[in-house]
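# Reading the structure
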Amino acid sequence: MCAYTSINGVPACANADLLTKNVRGSWGLDGYIAADCDAVAIMRNSQFYRPTAEDTVAASMKAGLDIDCGTYVQQYATAALQKGKLTQQDVDKAVKNLFATRMRLGHFDGDPKGNMYGNLGAAHICTPEHKSLALEAALDGIVLLKNDAGLLPLRRIAVASAAVIGHNANDVLALLGNYWGQPCAPTTPLQGIQGFVKNVGFLAGCNSAACNVAATPQAAALASSSDYVFMFMGLSQQQETEGRDRTTLLLPGNQQSLITAVANTAKRPVILVLLTGGPVDVTFAQSNPKIGAILWAGYPGQAGGLAIAKILFGEKNPSGKLPVTWYPEEFTRFPMTDMRMRADPGTGYPGRSYRFYKGKTVYNFGYGLSYSRLSHRLVAGSKNPPARNTSLHAGLAATSEDKASYHVDDIGAEMCDQFKFPVMVEVKNHGPMDGKHSVLMFLRWPNATEGRPERQLIGFQSQHLKAGEKAKLRFQVSPCEHFSRVRKDGSKVIDKGSHFLMVDKHELEIRFEA
């Protein structure tokens, strides 16, 4: 599906380099390409890419588009044909791609019940396997952000009573996020807690995620009379969804003051669970000792409530890592329409994404705690001698190079393939709990000048380890892919000299030079 955006001034749905050269050619798509809904109409009515509707439809189909989500192509394709802007061959190419896909699905093989998809029905929905997968996905996605003094996991026998407070605690829609099907067996966070604690008091606390009305005195009273307090706060589709942009990174309305008031009256440090899609600036909670633990659950799906409870009470060791950088509220002073990735010290612009952002963060991309203590050690692989300083003598004399870098295009695919080498990461679970552990490997350059990223993700793997168990994970490193950077002129180069593979605080230096 091609998007609404433009690439080098050409709308994605009319960009032959993207759709035909790359998606079909380099990436090998053997199917059909659809426009995002109304993207073709937007090319004419908002982007003014072509002077007429017929020109717009012709440009998109000649670039490689096969079908439009909307009515624009259907409405103007015939006129484009009649005016000679579109040929019959252009239409035939799109029809071929569409019907070839339908043929693979068996749509023309007679009785549909005779093919592998023909007997699917209600009995194939919400099976035990599906429910198990929904729970597994929710468990793996929950991220432990704070756990002061090992507050979590809780022992269920030690929790005599619990207060569950928050607008997201008993709302099925809070589990689902944007674009969803009706869940067959949803479990809200309140129901999840009730499965572990008999005496549970509940109060929404806010009238909605907007929280323009808060029952702060009642919430504080409930918290003060309960053994443990769980707060399920965050956002909803009223703040973040397609077509609706957030204007702040703070929790909406009175949420922060409600959380703080409850924390001040609770017997023990409270446990804050955030249900959001995007990041939120919760610096106030991060630094408040009366908020003992913070979890981010995203919008975890139908099994989200059960998954959260299993992690809170130690039936599952959290292994999730943040998929995005959590920026502070001050980041919102930079317009979202400023799409520059790299920082600009002259204007104070801090850059975007974990690769280039130079400002303060609330939490970093890839951050996530475990109930166990884990250690990592980078170990060189067989093609990469196990030395702290490792040289890749690559025979690059035949490539055109400047004084500081090698050009990837000049190295060529064959030599790039020869440069690949394995790196092993030794990871050990020192306990006290068994659990899955996610390992992220990054590349760091000696400096982040001249547009170089701060760091760059090379790969990630997950491994289940018993307490006390050790394992080695194998990462395949491709210098042409992982060590390269793009210069201002668009050329892809590998800097000569040192590059550093990183796992947490452990580094392995790799030297790239002839």
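The sections below set out a description of the structure shown in this document. (Residues numbered from 1 in each chain as written. Predicted model: local features only at pLDDT ≥ 70, side-chain atom pairs only at ≥ 80, totals over all residues. Heavy atoms only, no water.)

## Let's talk about the overall build of the protein chain
A count of helical and extended segments in the protein chain gives 15 helices and 21 strands. Principal-axis analysis of the C-alpha atoms gives the protein chain an extent of 75 × 60 × 55 Å. Relative to its full complement of 514 residues, the protein chain shows a buried share of 48%. Here the analysis covers contacts within the protein chain between residues at least 6 apart in sequence; of these, 73% occur between residues at least 24 apart. Side chains of the protein chain give 54 positive and 45 negative charges; the mean places of these two sets differ by 6 Å. (Helix = DSSP H or I, 4+ residues; strand = E, 2+ residues; numbered from the N terminus. Buried < 20%, exposed > 50% of the residue type's maximum accessible area, 1.4 Å probe, protein only. Contact = heavy atoms within 4.5 Å. Lys, Arg positive; Asp, Glu negative; His and termini not counted. Charge placed at Lys NZ, Arg CZ, Asp CG, Glu CD.)

## Brief notes about the sheet that holds strand β5 (residues 143-147)
Strand-to-strand pairing in sheets goes through backbone hydrogen bonds, with the strands running parallel or antiparallel. Spatial ordering of the open sheet is given by β5-β10-β9-β8-β6-β7, a layout of six strands whose pairing is mixed. Each of the sheet's edge strands pairs with one partner strand only, and the pair in question is β5 and β7 (200-203). The mean inter-strand angle of the sheet, taken between neighbouring strand axes irrespective of direction, is 15°. (Pairing = 2+ DSSP bridges. Axes fitted to C-alpha atoms, helices over the stretch in contact; angles between N-to-C directions.)

## Re a nonpolar patch on the surface
Side chains of Val95, Phe99, Met103 and Phe108 sit close together on the surface and give an oily, nonpolar patch of about 370 Å² of accessible area. Topologically, Phe99 is positioned in helix α5 (residues 88-104). Residue Phe99 is classed as partly exposed on the basis of its relative accessible area of 36%. (Patch = residues over 30% accessible without salt bridge, like charges linked within 9 Å, V, L, I, M, F, W, Y side chains within 5 Å. Areas by Shrake-Rupley, 256 points an atom, 1.4 Å probe, with all protein chains shown as cover. Salt bridge = Lys/Arg side-chain N within 4 Å of Asp/Glu carboxyl O.)

## Concerning the packing of aromatic side chains
Considering all chains together, one arrives at 17 aromatic pairs under this definition. Considering the side-chain rings of Tyr327 and Phe331, the 4.1 Å spacing of their centres and the 15° angle between planes classify their relative orientation as stacked. Phe331 carries the same exposure label as Tyr327, and that label is buried. Judged by relative accessible area, Phe331 falls into the buried class, the value being 7%. Site record: aromatic cluster; members linked through ring pairs are Tyr327, Phe331, Phe334, Tyr349 and Tyr357. A cation sits over an aromatic face here: Arg340 above Tyr349, 4.3 Å from the ring centre. Over the ring of Tyr406 we find Lys496; its NZ or CZ atom is 5.3 Å from the centre of that ring. (Phe/Tyr/Trp six-rings, centres within 6.5 Å; stacked < 30°, edge-to-face > 60°. Lys NZ or Arg CZ within 6 Å of the ring centre and 35° of its normal.)

## So, the sheet that holds strand β11 (residues 374-380)
Across the sheet, which stays open at both edges, the three strands sit in the order β11-β14-β17 with antiparallel pairing between neighbours. One side of each edge strand has no neighbouring strand; the edge strands of this open sheet are β11 and β17 (470-477). Taking each pair of neighbouring strands and ignoring which way they run, the sheet shows an average axis angle of 25°. Sheet topology note: the β11/strand β14 (residues 421-429) ladder contains seven bridges and is antiparallel. Following the sheet pairing, Arg377 is matched in β14 by Glu426.

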